[in-house]
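# Structure at a glance
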Amino acid sequence: TPMHGLDTANMSVAPPFAEAARRILRIPTMRVALAAQTLNFFVLGAAVLWFPTLLQRRYAISESEAGLISGGLLVGAGIIGTLGGGWLADRLMPRIPSARLLVTGLAFIASALLLVLSLGAPSLALCAPIFFLGGICLQAYNGPMSALMQDVVAPELRAVAVAISLIVAHVL
């Protein structure tokens, strides 16, 4: 049986990999999405690497406490942000056709503001919730951005597009 929403009877055969990659990378929205996802990974990587150190130095807590706090905040924010961003974009799509892009862009801006605010917080009690909200916004791009990439790529190229996005974001 055909997959929901996908007309496999009229689907083209996937081209050789090099041609598929060229076709995918010629799509302006895909290039912007790849750049945005890569930049997001840089920020997330920095948060994972440096936030525990910041907590130790600024708030004089142990390494294990800093790891537990930062890990808990990042994992919790990742789950909420990923699910919430996807839900919000889908919820807005009937009224705002560009909702996937809008949710992603606004979430990136909000995350930048919140993460910068968290870094200057005078206490851990203030830093942690602001950082958590910033982490939620940072991860809110996952669902909408993945769906947006699938929207702009021909069905026979979607799996290669996902592979390229993962490789680009993780290698760069």
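Residues numbered from 1 in each chain as written. Predicted model: local features only at pLDDT ≥ 70, side-chain atom pairs only at ≥ 80, totals over all residues. Heavy atoms only, no water.

### A word on the confidence of the model for the chain
A low pLDDT score tells you not to read the predicted coordinates there in detail. Across the chain, the average pLDDT comes to 91, with 94% of residues at or above 70. At the low end of the mean pLDDT range in the chain sits helix H7 (residues 158-171), at 90; at the high end sits helix H5 (residues 124-139), at 97. (pLDDT = per-residue confidence, 0-100. Helix = DSSP H or I, 4+ residues; strand = E, 2+ residues; numbered from the N terminus.)

### Considerations on the side chain of Gln 37
With respect to the helices, strands and loops of the structure, Gln 37 is situated in helix H2 (residues 28-59). What makes Gln 37 buried here is its relative accessible area of 7%. (Buried < 20%, exposed > 50% of the residue type's maximum accessible area, 1.4 Å probe, protein only.)

### Some details on the environment of Ala 110
Of note, Ala 110 is situated in helix H4 (residues 99-119). On the accessibility criterion, Ala 110 (24% relative accessible area) is partly exposed. Considered as a pair, Ala 110 and Cys 137 are 27 residues apart in the sequence and their alpha carbons are 6.3 Å apart.

### What about the side chain of Ser 165?
One can find Ser 165 in helix H7. On the basis of relative accessible area, Ser 165 is assigned to the buried category, the value being 6%. A distance of 2.9 Å separates a polar atom in the side chain of Ser 165 from the backbone oxygen of Val 162. Sequence-distant contacts of Ser 165, that is, excluding residues within four places in its chain, are made with Leu 34, Gln 37 and Met 149. (Polar contact = N/O pair within 3.5 Å; in protein donor to acceptor, adjacent residues only side chain to side chain. Contact = heavy atoms within 4.5 Å.)

### A closer look at a nonpolar patch on the surface
A cluster of nonpolar side chains, contributed by Leu 39, Phe 42, Val 43 and Leu 172, occupies part of the molecular surface with about 410 Å² of accessible area. When you line up the elements, Val 43 lands in helix H2. Judged by its relative accessible area of 38%, Val 43 falls in the partly exposed class. (Patch = residues over 30% accessible without salt bridge, like charges linked within 9 Å, V, L, I, M, F, W, Y side chains within 5 Å. Areas by Shrake-Rupley, 256 points an atom, 1.4 Å probe, with all protein chains shown as cover. Salt bridge = Lys/Arg side-chain N within 4 Å of Asp/Glu carboxyl O.)

### Comments concerning the pattern of salt bridges
Pairs may arise between side chains of opposite charge once their charged atoms sit close together. Taken as a whole, this structure holds four salt bridges when the rule is applied. With a shortest N-O distance of 2.3 Å, Asp 151 and Arg 100 are connected by a salt bridge. Here Arg 100 lies in helix H4 and Asp 151 lies in helix H6 (residues 142-152), a separation of 51 residues in the sequence. Overall, Asp 151 belongs to the partly exposed group, its relative accessible area being 44%.

### Here we look at the packing of aromatic side chains
Considering all chains together, one arrives at two aromatic pairs under this definition. For the pair Phe 51 and Phe 131, a centre-to-centre distance of 3.6 Å together with 5 degrees between the ring planes defines the contact as stacked. With Phe 51 in helix H2 and Phe 131 in helix H5, this pair connects stretches of sequence that are 80 residues apart. We note that Phe 51, like Phe 131, is buried. (Phe/Tyr/Trp six-rings, centres within 6.5 Å; stacked < 30°, edge-to-face > 60°.)

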